[in-house]
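Structure at a glance
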Amino acid sequence: MTISIGIVGAGIIGRLLALKACARGWRVTLFERGAEDGATACSSVSPAMLAPYCELDVAEKTVSDLGALSLRLWPEILCEFDLPVYFQQAGSLVVAPPQNSDELEHFARTVKSRASEDVFQNIKSDELKVFEPDLDSRFQSGLFFPSEGQIDSRGALAALLMAARERGADCRFGQEVRAIRPNEIDCGNATSKFDMVFDCRGYGAAKDIKNLRAVRGEIIRLHAPDVHLNRPVRLLHPRWPLYVVPRPDNHYIIGATTIESEDASPIALRSMLEMLSAAFTISAGFSEARILETLTGLRPAFPDNEPRIMHQPGLIRVNGVYRHGFLLAPVLTDYACQLAEKSQPSAPMPYLVREAA
Ligand SMILES: Cc1cc2nc3c(=O)[nH]c(=O)nc-3n(C[C@H](O)[C@H](O)[C@H](O)COP(=O)(O)OP(=O)(O)OC[C@H]3O[C@@H](n4cnc5c(N)ncnc54)[C@H](O)[C@@H]3O)c2cc1C
């Protein structure tokens with residue numbers, strides 16, 4: 001018998017879930033209050049670094065282990081797309097100015113203590129020049145994480161939607177959902193019934209999920225023809241920790257702030273000044289860059305900043321993916337599908353919460 005499912009929320013979690021459900025032959029209806037371009041989704045703001053090991057500085061080993069698993073799944077997902085989507089796996093580089101070399105040592109110690117294998121290489125000044133010739137010469141050493149990657153978030157959202165539609169998903173945009181109940185999605189004027197409902201509303205689910213909070217993040221998109229960086233560069237700095245993520249044609253994303261707030265208003269002047277100053281520290285070539293766009297997103301997070309899959313009969317919620325939505329989406333959506341079909345999970349799922357009906 002064909003399973004019918006309703007998904008609420010077309011961020012990275014909802015869209016990838018829709019594609020995976022279609023691949024299983026399920027009948028899929030996706031409800032999203034915003035437009036197809038994902039402008040109301042935190043996902044469209046994300047630079048979408050797939051960095052399971054660099055994140056060990058702030059995340060638990062379990063997140064990193066699942067992230068490493070997910071990173072291996074992304075290339076298979078890309079094969080499902082008809083649209084080309086920028087994906088790169090050329091590693092990440094972490095640097096600190098010489099006066100903050102203790103920050104680099106601390107970062108290396110933290111990652112080493114949490115990782116189960118050697119995940120980075122120490123890079124000295126002359127090698128750094130070969131890795132990233134445009135990096136400012138004041139940087140004397142760095143840490144290179146060879147297996148990490150990144151994906152174009154907006155491109156991935158568009159390609160996922162196209163692929164899900166081609167496989168039969170009924171995707172309804174501009175459709176605000178008023179209430180979610182087991183087996184039911186209520187849009188105010190009509191209630192639809194499903195074998196399983198998936199709640200993928202990100203921070204939009206806060207009124208229904210205890211302890212879900214928002215963590216504001218701001219980014220700046222630049223065009224910098226004078227800068228040629230080959231991979232994401234993270235700058236460790238006591239006041240302005242930031243990253244620069246390269247995209248094709250000398251486009252860059254500078255990010256990101258991490259602010260405990262549910263304010264989704266445009267970027268603050270102070271954040272902009274700090275991020276641009278820090279970018280200039282990485283390479284003086286940014287001085288002639290053009291500012292294309294600034295964006296703000298609300299990361300959905302639980303108090304421990306770890307994700308949850310909350311399950312009760314007829315309803316599965318996937319949320320709290322914090323700063324790891326792209327990193328974790330492949331494994332979390334697999335688990336959610338396996339739960340719905342009551343099949344054996346492909347790997348242990350540490351973030352499963354069984355809720356009373
Ligand atoms: C600045 C920044 C940098 C980041 N960097 C990275 C990174 O490098 N790597 C990484 O993996 N992650 C990163 N993240 C985190 C990542 O973007 C999030 O974890 C992820 O986008 C959350 O996805 P989601 O699908 O859960 O939620 P969302 O993307 O927010 O999607 C939820 C969707 O639900 C819809 N919705 C809500 N309520 C309703 C309703 N009532 N009815 C209908 N629709 C509704 C919303 O409109 C939205 O489209 C970053 C985030 C930010 C802000």
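Residues numbered from 1 in each chain as written. Predicted model: local features only at pLDDT ≥ 70, side-chain atom pairs only at ≥ 80, totals over all residues.

A word on the nonpolar core
Residues Ile 7, Ala 18, Val 28, Ala 164, Phe 198, Ile 254 and Ala 336 are the most contacted members of the largest nonpolar core, which totals 110 residues. Counting residues per element, this core draws most heavily on helix 7 (residues 325-340), at ten residues. Here this core spans two domains, since at least three of its residues come from each of domain 1 (4-71 + 152-210 + 304-354) and domain 2 (92-146 + 213-301). Once residues within four sequence positions are removed from consideration, Ala 164 is found in contact with Arg 15, Ala 18, Leu 19, Cys 22, Val 28, Ala 169 and Cys 171. (Core = buried A, V, L, I, M, F, W, Y, C linked by C-beta atoms within 7 Å. Buried ≥ 20, exposed ≤ 12 C-beta atoms within 10 Å, placed from the backbone. Helix = DSSP H or I, 4+ residues; strand = E, 2+ residues; numbered from the N terminus. Domains from an automatic or database assignment. Contact = placed C-beta atoms within 7 Å.)

So, the environment of Leu 93
Within the fold, Leu 93 resides in strand 5 (residues 92-95). Not counting residues up to four positions away in its chain, the partners in contact with Leu 93 are Phe 131, Glu 132, Gly 142, Phe 144, Arg 231 and Val 233.

Side note on helix 5 (residues 153-166)
Taking 1.5 Å as the rise per residue, helix 5 with 14 residues should run 20 Å; its terminal C-alpha atoms sit 20 Å apart, in good agreement. Where helix 5 is concerned, the buried positions are Ser 153, Ala 156, Leu 157, Ala 159, Leu 160, Leu 161, Ala 163 and Ala 164. At the exit of helix 5 stands Gly 168, carrying a positive phi of roughly 105°. (Expected span 1.5 Å × (residues − 1).)

A look at helix 3 (residues 101-114)
Here helix 3 contains 14 residues, and its C-alpha end-to-end distance of 20 Å stays within 8% of the 20 Å for a straight helix at 1.5 Å per residue. Buried within helix 3 we find Leu 104, Phe 107 and Val 111. Mapping the buried residues of helix 3 onto a view down its axis gives an arc of 60°, with all of them on the same face. Turned more than 90 degrees off the buried face of helix 3, the exposed positions are Asp 102, Arg 109, Lys 112 and Ser 113. (Arc of directions from axis to C-beta.)

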